[in-house]
Amino acid sequence: MTHPRRKVYGAGRAPYTFLLPAVLLFVLFFALPIGYAVWLSLHRVEVKGLGLGAGAREEVWAGLANYTDALTDEELLHGALRVLGYGAIVIPVMLGLALVFALMLDAERVRLAPVTRLAIFLPYAIPGVVAALLWGFLYLPSVSPFHYVLGEAGLPQPDLLDGGPLYLALSNIAVWGGTGFNMIVIYTSLRAIPDEVYEAAKLDGCTPLQTALRIKIPIVAPALVLTFFFSIIATLQVFSEPTTLRPLTNSLSTTWSPLMKVYRDAFGENDVHTASATAVVIAAVTLVLSFGFLRAANSRTRQGETR
Amino acid sequence: MPNTTLGMLRRTVTAALAAALGATTLAACGSSDDGNGGDAEGGPASLTYWTWTPGMDKVADLWNEGPGKKDGISVTVKKQASGDALVTKILTAHRAGKAPDLVQAEYQALPTLVSNDALADVSGEVGDVQGDFAASVWQQVTLGTDAVYALPQDIAPLMFFYREDLFEKHGLDVPETWEQFADTARELKRKAPDLDLTTFSANDSGLFAGLAQQAGAEWWTTEGDTWNVAIDDAATQKVADFWGGLVAEDAVDNQPMYTPAWNKAVNTGKQIAWVSAVWAPGTLTTAAPDTAGKWAMAPLPQWSGGEQVTGSWGGSSTAVTTDSGHKAAAAKFAAWLNTDPEALTALAKESGVYPAATAAQTSGAFAEPPAYFSDQADFYDKAAAIAKTTAPSAWGPNVNVAYSSFNDAFSSAAKDKSDFGAALTTMQDDTVADLKKQGFEVAQ
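The paragraphs below set out a description of the structure included in this document.

What counts, and at which threshold
Residues numbered from 1 in each chain as written. Chains lettered and ligands numbered in written order. Predicted model: local features only at pLDDT ≥ 70, side-chain atom pairs only at ≥ 80, totals over all residues. Heavy atoms only, no water. Helix = DSSP H or I, 4+ residues; strand = E, 2+ residues; numbered from the N terminus. Buried < 20%, exposed > 50% of the residue type's maximum accessible area, 1.4 Å probe, protein only. Contact = heavy atoms within 4.5 Å. Areas by Shrake-Rupley, 256 points an atom, 1.4 Å probe, with all protein chains shown as cover. Lys, Arg positive; Asp, Glu negative; His and termini not counted. Charge placed at Lys NZ, Arg CZ, Asp CG, Glu CD. Rg over C-alpha atoms; globule rule 2.2 N^0.38 Å. Axes fitted to C-alpha atoms, helices over the stretch in contact; angles between N-to-C directions. Parallel < 35°, antiparallel > 145°, perpendicular 65-115°, else oblique. Left-handed = near helix turned anticlockwise from the far one by under 90°. Nonpolar A, V, L, I, M, F, W, Y, C, P; charged D, E, K, R; others polar. Buried area = accessible area lost by both parts, 1.4 Å probe. Salt bridge = Lys/Arg side-chain N within 4 Å of Asp/Glu carboxyl O. Polar contact = N/O pair within 3.5 Å; in protein donor to acceptor, adjacent residues only side chain to side chain. Phe/Tyr/Trp six-rings, centres within 6.5 Å; stacked < 30°, edge-to-face > 60°. Lys NZ or Arg CZ within 6 Å of the ring centre and 35° of its normal. Core = buried A, V, L, I, M, F, W, Y, C linked by side-chain atoms within 4.5 Å. Expected span 1.5 Å × (residues − 1). Bend = angle between axes of the 7 residues up to and from the residue. Pairing = 2+ DSSP bridges.

### Digging into the overall build of chain B
- A count of helices and strands for chain B gives 18 helices and nine strands.
- Counting only C-alpha atoms and orienting by the principal axes, one finds that chain B spans roughly 70 × 50 × 40 Å.
- Counting all 444 residues of chain B, 62% fall into the buried class.
- Relative to all contacts within chain B whose residues are 6 or more apart in sequence, the contacts with residues 24 or more apart total 78%.
- A total accessible area of about 15400 Å² is found for chain B, and carbon and sulfur atoms account for 49% of it.
- Side-chain charges in chain B split into 29 positive and 55 negative, and the spacing between the mean points of these groups amounts to 8 Å.

### Comments concerning the overall build of chain A
- A count of helices and strands for chain A gives 13 helices and two strands.
- The C-alpha atoms of chain A give 26 Å as radius of gyration, which overshoots the globular expectation for 307 residues (19 Å, by more than 25%).
- Across its three principal directions, the C-alpha atoms of chain A cover 90 × 85 × 40 Å.
- Sorting the 307 residues of chain A into buried and exposed places 37% on the buried side.

### Thoughts on the packing of helix H3 (residues 56-65) of chain B against helix H15 (residues 341-351) of chain B
Residues and elements named next belong to chain B.
- Running from N to C, H3 and H15 cross one another at 155°; their axes reach a closest spacing of 9 Å. Comparing their axes, H15 and H3 come out roughly antiparallel. Judged by the twist between their axes, the crossing of H3 over H15 is right-handed. In this structure, H3 uses Met-56, Lys-58, Val-59 and Leu-62 to contact H15, whose residues at the interface are Glu-342, Ala-343, Ala-346, Leu-347, Glu-350 and Ser-351.
- Among the residues forming the contact of H3 with H15, the class breakdown is six nonpolar, one polar and three charged.

### A closer look at the interface of chain A and chain B
- On the chain B side, the residues contacting the 39 residues of chain A number 44 residues.
- Taken over both partners, the interface formed by chain A and chain B buries close to 3500 Å², and the fraction arising from carbon and sulfur atoms is 50%.
- The largest per-residue losses of area from chain A upon contact with chain B belong to Leu-50, Leu-52 and Asn-250 of chain A, which jointly make up 25% of the total buried on that side.
- For the salt bridge of Asp-69 of chain A with Lys-437 of chain B, the shortest nitrogen-to-oxygen distance reads 4.0 Å.
- Our count for the chain A to chain B interface comes out at 14 residue pairs in polar contact (both at pLDDT 80 or more).

### Side note on the packing of aromatic side chains
Residue and element names in this part refer to chain B.
- Inspection of the entire model under this criterion finds 58 aromatic pairs over all chains.
- Here Tyr-372 and Phe-373 contribute two aromatic rings whose centre-to-centre distance is 5.6 Å and whose plane-to-plane angle is 55°, an arrangement assigned as tilted. The burial state of Tyr-372 is the same as that of Phe-373; both residues are buried.
- The ring of Trp-50 carries Lys-89 above its face, with NZ or CZ at 4.9 Å from the centroid.

### Some remarks on the nonpolar core
- Residues Phe-200, Trp-219, Trp-220, Trp-243, Trp-274 and Phe-410 of chain B are the most contacted members of the largest nonpolar core, which totals 152 residues.
- Core analysis: the next-biggest nonpolar cluster, separate from the first, contains 27 residues, Ile-91, Leu-95, Ala-174 and Leu-245 of chain A among them.

### Here's the deal with helix H3 (residues 74-106) of chain A
Residues and elements named next belong to chain A.
- Between its first and last C-alpha, H3 extends 47 Å over 33 residues, near the 48 Å set by a 1.5 Å rise per residue.
- Along H3, the helix axis deviates most sharply at Gly-87, where the bend reaches about 25°.
- For H3, the side-chain oxygen to backbone nitrogen distance between the N-cap and Glu-75 is 2.8 Å, and the N-cap itself is Asp-73.

### What about the side chain of Lys-261 of chain A?
All names here are of chain A.
- With respect to the helices and strands, Lys-261 occurs in helix H12 (residues 258-268).
- Assessed through its relative accessible area of 5%, Lys-261 is described here as buried.
- Non-local contacts of Lys-261, meaning those with residues more than four positions away in its chain, are made with Asp-73, Glu-75, Leu-76, Thr-254 and Thr-255.

### Re the environment of Pro-33 of chain A
Residue and element names in this part refer to chain A.
- Structurally, Pro-33 can be placed in helix H1 (residues 14-41).
- A C-alpha to C-alpha distance of 26 Å links Pro-33 and Thr-72, two positions 39 residues apart in sequence.
- Residues contacting Pro-33, with those up to four places away along its chain left out, are Val-27 and Leu-28.

### Looking at the environment of Gly-127 of chain B
- The topology assignment puts Gly-127 of chain B in the loop between helix H6 (110-115) and helix H7 (135-142).
- Spatially, the C-alpha atom of Gly-127 of chain B lies 8.4 Å from that of Ala-335 of chain B, the residues being 208 residues apart in sequence.

### Looking at unusual backbone geometry
- Here Asn-270 of chain A, not a glycine, exhibits a phi torsion of approximately 60°, which is positive.
- On the basis of relative accessibility, which here comes to 24%, the residue Asn-270 of chain A falls in the partly exposed class.
- Look at Asp-117 of chain B: it is not a glycine, yet its phi comes out positive at around 60°.
- Within the secondary structure, Asp-117 of chain B sits in the loop between H6 and H7.
- Overall, Asp-117 of chain B belongs to the partly exposed group, its relative accessible area being 24%.

### Looking at the side chain of His-170 of chain B
Residues and elements named next belong to chain B.
- Along the chain, His-170 falls in the loop between helix H8 (164-169) and helix H9 (178-191).
- On the basis of relative accessibility, which here comes to 13%, the residue His-170 falls in the buried class.
- Sequence-distant contacts of His-170, that is, excluding residues within four places in its chain, are made with Leu-188, Lys-191, Ala-192 and Leu-195.

### Description of the environment of Ser-351 of chain B
All names here are of chain B.
- Considering the arrangement of structural elements, one finds Ser-351 in helix H15.
- Relative accessible area serves as the criterion here: at 4%, Ser-351 is assigned to the buried category.
- There is a polar contact of 2.8 Å between the side chain of Ser-351 and the backbone oxygen of Pro-54.

### Quick look at the packing of helix H4 (residues 113-121) of chain A against helix H7 (residues 165-191) of chain A
Residue and element names in this part refer to chain A.
- Taken N-terminus to C-terminus, the directions of H4 and H7 make an angle of 135°; their axes are 7 Å apart at the nearest point. For the element pair H4 / H7, the angle class is oblique. Taking contact as the criterion, the partners of Arg-117, Ile-120 and Phe-121 in H4 are, on H7, Gly-180, Phe-181, Met-183, Ile-184 and Tyr-187.
- Across the contact of H4 with H7, the residue classes tally to six nonpolar, one polar and one charged.

### Considering the pattern of salt bridges
- Tallied over the full model, the rule gives 22 salt bridges over all chains.
- Between Glu-59 of chain A and Arg-95 of chain B there is a salt bridge; the shortest N-O distance is 3.0 Å. One end of the pair, Glu-59 of chain A, is in strand E2 (residues 57-61); the other, Arg-95 of chain B, is in helix H5 (residues 84-95), on a second chain.
- Here Glu-59 of chain A falls in the partly exposed class, since its relative accessible area comes to 31%.

### With respect to H12 of chain A
- Among the eleven residues in H12 of chain A, eight count as buried, and that is most of the element.
- Immediately beyond the C-terminal end of H12 of chain A, within one or two residues, lies Asn-270 of chain A, with a positive phi of roughly 60°.

### Side note on the pairing of strand E3 (residues 102-106) of chain B
Residues and elements named next belong to chain B.
- In terms of residue burial, E3 counts as a mostly covered element, since five of its five residues are buried.
- Here E3 shows no split at all, with Leu-102, Gln-104 and Glu-106 on one side and Val-103 and Ala-105 on the other all buried.
- Bridge analysis of strand E1 (residues 45-51) against E3 gives two bridges, and the strand direction is parallel. Considered in E3, the bridge of Trp-50 is made with Val-103.
- Bridge count between E3 and strand E9 (residues 312-320): five bridges; the pairing is antiparallel. For Val-103, the partnering residue across the bridge sits in E9 and is Ala-319.

Below, the structure written as structure tokens:
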């Protein structure tokens, strides 16, 4: 059954009509809020006189003043360095463990694989705040069962919520929570490798270790890149763990990580303008770092392919 | 922390704006609301009330069934988070012109809210209620002007709580001066090195502010159109050096309060005293359930013998917003809530509120001591007497900035057991810098 073809006068408009819902959603829930944050970051409040009563506050154009403030703020730089140190521990340990676990689960003759997989993945299902509270209780010297055991055994009891060990304490929470997720991503891509490849390797006399190093890891490289990419973003945005642990110790300031500073400025000190500028700076840095990494990783893979 | 929710709720910081606030400048702001009740006289009104007080819905029901029904004024309670988060929420809602009719606000947040024009002057609507409150309390809601920006709800005078049994066991006397307090701390360390008299908590800016208030500090004052910030004045310096000294010589602990570790310390008698406010029984009930009945309360130690002065750690008020379409009706409810004997009894019973209204402090609701202090029959009589000795205090428009600076500066000073005076200077500098950045005139 054929219909006479109608004249296609609407053809030029059709794609846009189909695009409209997506564009609308994008504008409403993505572009507008970001635009508003940028607008806020370019303004500041000006107070007249004692600043009490009606009309005492006015929002005025600030130009880039909030940005120069944010970029010259030593506390923000220190926060960034702290997060860098934290990331230097979290990312290699977490991804290393995830890869090792994935390879082990994928190895032949593994018993109880599904149960183990679930057990490693389970911490990821626990919300970050709950995980931080849980670990916080375990870290606090006077209530920690670990400290009790160490004390009974006559071993030194380190205060994990102080100084250098604090980084380990925070990293541990992230590693504990994040390894499972990354392992699943890597494991899934391992399962996608066709059996013929292994068969060929076996015929060539590959040991399981050689298979892992020479075949599995190169093939799952894209998955590794992806998990690395996610981990960088998650690290730069570290917030809930240190915020939850902060009341428990004197060693965590309200500006420990850059995002904590944004939160303090906006909700502790009522200064949305400075907070917006800092947030925009953090977003830009995150974008540059994560996409920079992605680009570097991609170009390397491509080089590898042409070689 | 989870098991000290009540303490967290009440650990809202109290304050009063200095008498020095330029009354003439401020009277002008107050007048803008004159004769602008915003609603038909006596017409029915449906009001929304943002508060963090537990059990407030039941108290509001009492109004809705009783006096409110007669006037057709009904109040709906919307439970909120306490503290700075609510201030931010109110200001954000006010930006959109959608703040609720009534809000609960800590005393020290009032200047910030007034400076954002979020609170209405209800002096014309609440009638003659000033006499129901102590002068030092009333002054906090007028900011020293002719306007009335809120009605005082609860107050929290500082006191000294101690383990009576352990004081006896170690042969310690209850300190009456801070000097004796320091000696007691040292004596305890000598006799029982594992125990601490108490801790200095860098998380609790409100307690530090209260202690400075007792010493006579006035952190924010005004002269004409100029703010004067004196966080590092001699009185506060004295308080900072005192606690810094105790921390440096290990006479008291340096870990924050309201942590699982602190709960354990007070519950097991590792810490045997606590400088806290009238709401302490509620906090101790959850933090140290095993030691109920073993604690006693005494007045706060004094800086010089024979004096009787205290500060505050907590306390809040009920305010009507400028966005309300029914300001007169809202003011009527606020006045009822905080002065009517029936309402105050309900507040004491349902919400555990220690009332700002003077008469209610000795009413039937406070005839019995709190269960936790069941052996101290005159607990509330003593409390009411101590409340009368509360020193005036001075708050400004960026208390929140000073407080977060306190958290960071004193945390690291307490951790390193270093000079608290330097931390105080940081707090002063941060506060002044913020005022200047916002465009306030600040005297140097």
